[in-house]
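Each chain, letter by letter, is given below.
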Amino acid sequence: MSSNVFAFLRLSREDLAAPGHTDEKLARQAETARELAARHGVTLPESHILIERESGRRLKNRPVLLRLLDLMHAGQCDTLITPFADRIDRLEDARERADLEDALYAGAVTILSRDGVTRYDDDLDPLPAEVRSLIARHELRLFRKRQREANRQRLRQNQRSSGFA
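Here's a quick rundown of the structure. Quick caveat: nothing in here was measured; it's all calculated off a predicted structure. (Residues numbered from 1 in each chain as written. Predicted model: local features only at pLDDT ≥ 70, side-chain atom pairs only at ≥ 80, totals over all residues. Heavy atoms only, no water.)

Remarks on the overall build of the chain
And then number 1: Tallying secondary structure elements over the chain gives 5 helices and 5 strands in all.
And then number 2: Out of the 165 residues in the chain, the part that is buried amounts to 38%. (Helix = DSSP H or I, 4+ residues; strand = E, 2+ residues; numbered from the N terminus. Buried < 20%, exposed > 50% of the residue type's maximum accessible area, 1.4 Å probe, protein only.)

Pasting the structure below:
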């Protein structure tokens, strides 16, 4: 059993907006990560469950993901468990997505998620990973479009803020 197994947990904006406490939602994701580890026969130490509480489409705003990339480059993470693989690669910048992919290949990382198993090794067919990345970027564009429309609607209603003043 490898001690280079890590879990990456992150809530989407939809998860954050849904009813319930954030810690409870993260606890459910952690339980899912433990179940994935057990199903695939790997040991996931509790100290290796990394929680990204920051939000952002830029890598510089995601300290936990940056730490994870460093671990991959150093060969200290060869298995990554995440309930939703698309939570990792929702990066806006093409160079940052390339940095993520480079780290995955450098560490020959295997990603275990609800979506299945993806191995970043020499035998990887890049098409599924690229399709997931395209879908993640599409979701970001849709979110920004909805956000801009909501802002325009508030402006039309003479509301200058989306929260309390």
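Moving on from the model shown.
Overview of the packing of helix α3 (residues 63–73) against helix α4 (residues 94–106)
To characterise two packed helices, one gives the angle between the axes of the helices and the distance between these axes.
And then number 1: Two elements in contact, α3 and α4, have axes separated by 7 Å at closest approach and are oriented at 35°. Read as a crossing pair, α3 and α4 show a hand that is left-handed. Facing α3, whose interface residues are L69, M72 and H73, α4 presents D99, L100, D102, A103, L104 and A106.
And then number 2: Classifying every residue of the contact of α3 with α4 gives 6 nonpolar, 1 polar and 2 charged. (Axes fitted to C-alpha atoms, helices over the stretch in contact; angles between N-to-C directions. Left-handed = near helix turned anticlockwise from the far one by under 90°. Contact = heavy atoms within 4.5 Å. Nonpolar A, V, L, I, M, F, W, Y, C, P; charged D, E, K, R; others polar.)

Focus: the sheet that holds strand β1 (residues 5–10)
And then number 1: In spatial order, the strands read β2-β1-β3-β4-β5; together these 5 strands make up an open sheet with mixed pairing. Single-partner strands in this sheet number two, and they are β2 (49–52) and β5 (116–119). This sheet shows a mean twist of 20° between the axes of neighbouring strands, independent of strand direction.
And then number 2: Here strand β4 (residues 110–113) runs beside β5; their pairing, made up of 4 bridges, is antiparallel. (Pairing = 2+ DSSP bridges.)

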